[in-house]
Amino acid sequence: MKIKKAVFPVAGLGTRFIPATKAMAKEMLPVVDKPLIQYAVEEAFDAGIEQIIFVTGRGKKALEDHFDRCFEVELTLKNKGKEELLEQIQELVPKTGTIVYTRQNEPLGLGHAIWCARDIVGDEPFAVLLADDLIQTGRPVLAEMVKKFDRFRASIAAVMEVDKDQTDKYGILDASQLENNIFRINDMVEKPNPEEAPSNLAIIGRYILTPNIFKHLGKKEKGAGGEIQLTDAMKSLLKEQPIFGYKFEGTRFDCGDKAGFQMANLAFALERPDLRDKLIRFIREIQKDF
Ligand code: UTP
């Protein structure tokens, strides 16, 4: 079965970015000149996804407008002869009917946000992308995971190794390595202290899930931080179905964290020919004071 639908939970409060996120979703923050959510949506389309499902909370309007046409801007760009920019903003608007919005009324946790999409997803495997996990890579992660799904026909989570003292920020795996970049997950625990962590393999924000996950999310059990956690539902799902971990290639930036967000901006800007030289000159200049 083909993975056609992708869920984007964008209803978190983004408290670490207040005041920027007071009235706007964290996923609308730009890395260089593109909102985080656009990177994730492009990754999904690149993986063959046909339907985008946004689970929104506050900041819905800016997000909706971003993926819709804006005749006023288009006309101005046209009149000014800025054809390239005009094309760019027209291209980012998906075909009518490709995007579906639903609302998470209360930010009860990532697991709850995904559960809010249950009726739209229906009875088929689907992808989940957390836009604040931005990955710089030559091998887009979701497209690779779709290939793995075709092979294993089971849920898959993207994983990476983290520093041992960072385990309390992630869902951490107890897993057996099957191949170079594939793990079979035995168990998982949300945000364990380093002493209790079964490994340093952490789940990050790309998943392919079978629809059975909704049954477990529907129990609405509260986990770490008093939130309904996806990790806990996946842990229950493990009792009935296998789940695999895919260790992706590339660098992941935690854009939900201020330092991670700044690093992402720098790393992505350094890839841009129009910005690279200026930035390198600036870094060389300021590093004398470090
Ligand atoms: P985070 O754990 O980063 O939480 O969410 P947050 O609320 O966005 O940010 P902080 O910690 O307060 O700064 C991970 C992902 O899950 C979504 C977020 O939008 C983000 O994409 N999420 C989280 C929801 O959609 N709903 C929730 O109730 C919680």
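Located above this text is the structure these notes cover.
Residues numbered from 1 in each chain as written. Predicted model: local features only at pLDDT ≥ 70, side-chain atom pairs only at ≥ 80, totals over all residues. Heavy atoms only, no water.

(A) Structural detail: the nonpolar core. By size, the foremost hydrophobic cluster in this structure holds 54 residues, and its most contacted members are F8, V31, I37, F54 and L142. Residues in contact with L142, not counting those within four places in the same chain, are E43, A44, A47, I49, A127, L129, Y207 and I208. Residues C116, F126, A157 and M188 belong to the second largest nonpolar core, which totals 31 residues. (Core = buried A, V, L, I, M, F, W, Y, C linked by side-chain atoms within 4.5 Å. Buried < 20%, exposed > 50% of the residue type's maximum accessible area, 1.4 Å probe, protein only. Contact = heavy atoms within 4.5 Å.)

(B) Broad picture of the site of the ligand. Around the ligand, 17 residues are found, and the nearest of them are T15, K26, E27, Q104 and G109. P9 is positioned with one of its backbone polar atoms (N or O) 3.0 Å from an oxygen atom of the ligand. Between T15 and the ligand, the recorded distance is 2.6 Å, taken from a side-chain N or O atom to an oxygen atom. Coverage of the ligand by the protein chains reaches 84% of its 580 Å² of free accessible surface. Under a 2 Å grid-point criterion requiring more than half of the atoms, the pocket assigned to the ligand is the largest pocket. Going through the elements one at a time, strand 1 (5–10) and helix 5 (110–115) are the ones with two or more residues in the shell around the ligand. The residue inventory of the shell around the ligand, partitioned by class, reads 8 nonpolar, 5 polar and 4 charged. (Near = heavy atom within 4 Å. Polar contact = N/O pair within 3.5 Å; in protein donor to acceptor, adjacent residues only side chain to side chain. Areas by Shrake-Rupley, 256 points an atom, 1.4 Å probe, with all protein chains shown as cover. 1 Å grid on protein atoms, 1.4 Å probe; cavity = no way out; pocket = protein on both sides within 12 Å on 5 of 7 lines; lining within 4 Å. Sits in = over half its atoms within 2 Å of the grid points. Helix = DSSP H or I, 4+ residues; strand = E, 2+ residues; numbered from the N terminus. Nonpolar A, V, L, I, M, F, W, Y, C, P; charged D, E, K, R; others polar.)

(C) Up close: the packing of aromatic side chains. Tallied over the full model, the rule gives 8 aromatic pairs. Centre to centre, the rings of F17 and F261 are 5.4 Å apart; their planes meet at 80°, and the pair counts as edge-to-face. With F17 in the loop between strand 1 and strand 2 (30–31) and F261 in helix 10 (residues 258–270), the pair connects residues that are 244 residues apart, well separated along the chain. Using a relative accessible area of 8% as the deciding quantity, one classes F17 as buried. By way of ring pairs, the aromatic residues F8, F54, F67 and Y101 are connected into one cluster. (Phe/Tyr/Trp six-rings, centres within 6.5 Å; stacked < 30°, edge-to-face > 60°.)

(D) A look at the pairing of strand 4 (residues 51–56). Counting buried residues in strand 4 gives 6 out of 6 residues, a clear majority hidden from the surface. With burial as the criterion, each face of strand 4 is covered, one bearing Q51, I53 and V55 and the other bearing I52, F54 and T56. Two strands pair when backbone bridges link them, and strand 1 and strand 4 are joined in this way by 6 bridges, in the parallel orientation. Looking across to strand 4, one finds that V7 is bridged to I53. (Pairing = 2+ DSSP bridges.)

(E) Spatial organisation of the layout of surface pockets. Looking at the largest pocket, its volume works out to about 1100 Å³. Contributing to the lining of the largest pocket are 38 residues, with R16, K26, L130, D132 and K191 lying nearest its centre. At the level of elements, strand 1, helix 5, strand 11 (201–209), helix 9 (230–237) and strand 13 (251–254) are the ones that each hand at least two residues to the lining of the largest pocket. Element by element, the count of residues in the lining of the largest pocket is highest for strand 11, at 4 residues. Among the residues making up the lining of the largest pocket, the classes are represented as 15 nonpolar, 11 polar and 12 charged. The calculated volume of the second largest pocket comes to roughly 460 Å³. Taken together, 20 residues line the second largest pocket, and the ones lying closest to its centre are K34, Q38, E42, Q88 and L92. Going through the elements one at a time, strand 3 (34–35), helix 1 (36–46) and helix 4 (83–91) are the ones with two or more residues in the lining of the second largest pocket. Take the lining of the second largest pocket: its biggest share by element is 5 residues, from helix 1. Split into classes, the residues belonging to the lining of the second largest pocket amount to 11 nonpolar, 3 polar and 6 charged. (Points joined across faces, edges and corners; volume = space filled by probe spheres on them.)

The quantities given are spatial measurements derived from coordinates; they are silent on function.
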